[in-house]
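As a plain string of letters, each chain reads:
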Amino acid sequence: MATSDSPMPASAIDLHMHSTASDGRLAPAAVVERAAARGVELMALTDHDTLEGVAEARAAARRQGIRCLPGIELSARWARGVVHIVGLDIDPSHPALVAGVAAQQSERRRRAMRIGERLERAGMDGVAARAAELVGEGVPGRAHFARALVAEGVVRDMQGAFDRYLQRGRPGYAPVQWAAIEQVVRWIHAAGGVAVFAHPLRYRLSRGALRAAIQSFVAAGGTAIEVSNGGGGRDDLVAAAALARRFGLCASMGSDFHDPDFRWIEIGRLVPIPGDLTPVWASMEPMT
Ligand code: AMP
Ligand code: MN
Ligand code: MN
Ligand code: MN
């Protein structure tokens, strides 16, 4: 895994990152400024199930003289699990996508209520209020509940919050009905975008189940798979590249940046994708 003093040069391309529009820590404009300062020339803001940050990011990118694709990371149901599908170069005002995002947001609101109730029932009164405070205007996601559990002194860190409270089977877990993977890909396509199967090695799926999930994505018309991801090491990259070849998918790369204090994931800190793979950005219109 790359560390903050890694000699790896920053990549000029980073197509996966988060802002305060979802569970990132920096405002959309600050994410773009950080990307530009780190030498990124082509980026995408890909907040979870929301397009709220896209306009601010695009305006900041124009000021910085870099290119920012409108993007999103959609939560998707596959069998009984969840996978993440990144949509790139989407029209953020397309009605089908906007309606889909609204449905995902109402699921998020419903789940946030239930997580709050469950934590309260487990004796943690202040956590829901703290999560709501941390999120500001949006809907608290699990990362906000995790930060609230840390802030309330219930656990020492985010990992502890997920392991002890927020993971499936834990007292603060509430199920959520995301749209099916086929539906999510349809929304992205309707909005003129390209669908990317995000961080394939991060789901707790068996090899067979992972391949079946990717097969569903391919059958739905998905284009690319995230071969280089900020959270994975070189082994993950090799495995993801093999999946790209096996399924004939283009390759994407994105840091999945959330938090400047989370030192081992940084904007543009990415292993380059192998030269035999087709980059997903090769087919995108250059900046006009
Ligand atoms: P949600 O989409 O609300 O279910 O939240 C998922 C988000 O929680 C991910 O995108 C990560 O940002 C964060 N997350 C998941 N697992 C962990 C973990 N073990 N430690 C820190 N953050 C996590
Ligand atoms: Mn996140
Ligand atoms: Mn994700
Ligand atoms: Mn992400």
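Everything below is about the structure shown above.
Calculation criteria
Residues numbered from 1 in each chain as written. Chains lettered and ligands numbered in written order. Predicted model: local features only at pLDDT ≥ 70, side-chain atom pairs only at ≥ 80, totals over all residues. Heavy atoms only, no water. Helix = DSSP H or I, 4+ residues; strand = E, 2+ residues; numbered from the N terminus. Rg over C-alpha atoms; globule rule 2.2 N^0.38 Å. Buried < 20%, exposed > 50% of the residue type's maximum accessible area, 1.4 Å probe, protein only. Contact = heavy atoms within 4.5 Å. Areas by Shrake-Rupley, 256 points an atom, 1.4 Å probe, with all protein chains shown as cover. Donors = N, O, S within 2.8 Å, 3.2 Å for Na, K, Ca; no water. Near = heavy atom within 4 Å. Polar contact = N/O pair within 3.5 Å; in protein donor to acceptor, adjacent residues only side chain to side chain. Nonpolar A, V, L, I, M, F, W, Y, C, P; charged D, E, K, R; others polar. Domains from an automatic or database assignment.

1. Some words on the overall build of the protein
Scanning the protein from terminus to terminus reveals 9 helices and 7 strands. Here the protein has a C-alpha radius of gyration of 18 Å; the compact-globule value for 288 residues is 19 Å, and the two agree. In terms of principal-axis extent, the alpha carbons of the protein reach across some 55 × 40 × 40 Å. The buried share of the protein, taken over its 288 residues, is 52%. Restricting to contacts in the protein with at least 6 residues of sequence separation, those with at least 24 account for 72%. In the form shown here, the protein has an accessible surface area of approximately 13000 Å², with 50% of it arising from carbon and sulfur atoms.

2. A look at the coordination of the manganese ion (ligand 4)
The coordination sphere of the manganese ion (ligand 4) contains the protein donors H16 (NE2), H18 (NE2), E73 (OE) and D256 (OD), at a distance range of 2.1 to 2.2 Å. Along the chain, the residues donating to the manganese ion (ligand 4) fall in the pattern H-x1-H-x54-E-x182-D. If you look at the manganese ion (ligand 4) and the manganese ion (ligand 2), they sit 4.9 Å from each other. Within this pair, whereas H18 is found in the loop between β1 (13–14) and α1 (28–37), its partner D256 is found in the segment after β7 (250–254), the two being separated by 238 residues in sequence. No difference in accessibility class separates H18 from D256, as the two residues are buried.

3. Side note on the site of ligand 1
The local shell around ligand 1 consists of D23, H48, R108, R111, G141, R142, M158, Q159, F162 and H258. Between ligand 1 and the protein, one listed contact pairs an oxygen atom with a side-chain N or O atom of D23 at 3.2 Å. Within the side chain of R142, one N or O atom sits 2.8 Å away from an oxygen atom of ligand 1. Within the complex, the protein chains bury 80% of what would otherwise be the 500 Å² of accessible surface of ligand 1. Sorting the residues of the shell around ligand 1 by element identifies α3 (95–121) and α6 (158–166) as the ones contributing at least two each. Along the lines of polarity and charge, the residues of the shell around ligand 1 split into 2 nonpolar, 4 polar and 4 charged. Both domains that furnish three or more residues to the shell around ligand 1 are identified here as domain 1 (10–101 + 177–283) and domain 2 (111–166).

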